[in-house]
Amino acid sequence: MRFLSLISILFLFGCNSWKNTKSFSYSELAFSDFEKNVISDSNYIIVDVRTPKEYRNGHMKNAVNVSYFGTTFTDSIKKLDRTKTIYMYCQTQHRSPLASKKMKKLGFHKIIDLKGGFMKWENNQMPIEK
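Residues numbered from 1 in each chain as written. Predicted model: local features only at pLDDT ≥ 70, side-chain atom pairs only at ≥ 80, totals over all residues. Heavy atoms only, no water.

S.K.: I'd like a rundown of helix α2 (residues 31–40), residues and numbers included.
M.R.: By the burial criterion, the buried members of α2 are Phe-31, Phe-34 and Val-38. Buried residues of α2, viewed axially, fall in a sector of 55 degrees; they line one side. Exposed and oriented more than 90 degrees from the buried face of α2 are Lys-36, Ile-39 and Ser-40. The inward-facing, buried residues of α2 contact β2 (24–29), β3 (44–48), β5 (85–89), β6 (110–114) and α6 (117–123). (Buried < 20%, exposed > 50% of the residue type's maximum accessible area, 1.4 Å probe, protein only. Helix = DSSP H or I, 4+ residues; strand = E, 2+ residues; numbered from the N terminus. Arc of directions from axis to C-beta. Contact = heavy atoms within 4.5 Å.)

Listed below in structure tokens is the structure:
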């Protein structure tokens, strides 16, 4: 019984351990806080990990489109400045955490993910570009 409890604890902590370590932090922000942080931050990149078609239908101002499903995702991500804060989003916040895990392995330091994704952003009439 004690062994199963230990396994459960290790599993729970292990699942979230990728998010915050000494040299890497991952956090999620609601759309209103996300916008405030971008405005107040001077050292950032906004990364849209949706498909090019999704991006063309509307995206955040100054967002760089690097499709998580694209065959060049890793090569394109490697070209970004790892020292900058990455503000990231996808359509529903499914792909962006997956992309963040890959980016951690590539040496990125700080990723802030849009809670609820672009759908939440758009549904709250936040500014978009086409």
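Read on, since the account is not over.
S.K.: Tell me about the layout of surface pockets, and please be specific about residues and values.
M.R.: One number sums up the size of the largest pocket: a volume of about 190 Å³. If you go around the largest pocket, the residues you meet are Phe-34, Glu-35, Val-38, Ile-39, Tyr-44, Ile-46, Met-60, Lys-61, Asn-62, Trp-121 and Pro-127. Secondary structure elements with two or more residues in the lining of the largest pocket: α2 and β3. Per-element tally for the lining of the largest pocket: the top contributor is α2, with four residues. Class assignment for the residues of the lining of the largest pocket results in eight nonpolar, one polar and two charged. (1 Å grid on protein atoms, 1.4 Å probe; cavity = no way out; pocket = protein on both sides within 12 Å on 5 of 7 lines; lining within 4 Å. Points joined across faces, edges and corners; volume = space filled by probe spheres on them. Nonpolar A, V, L, I, M, F, W, Y, C, P; charged D, E, K, R; others polar.)

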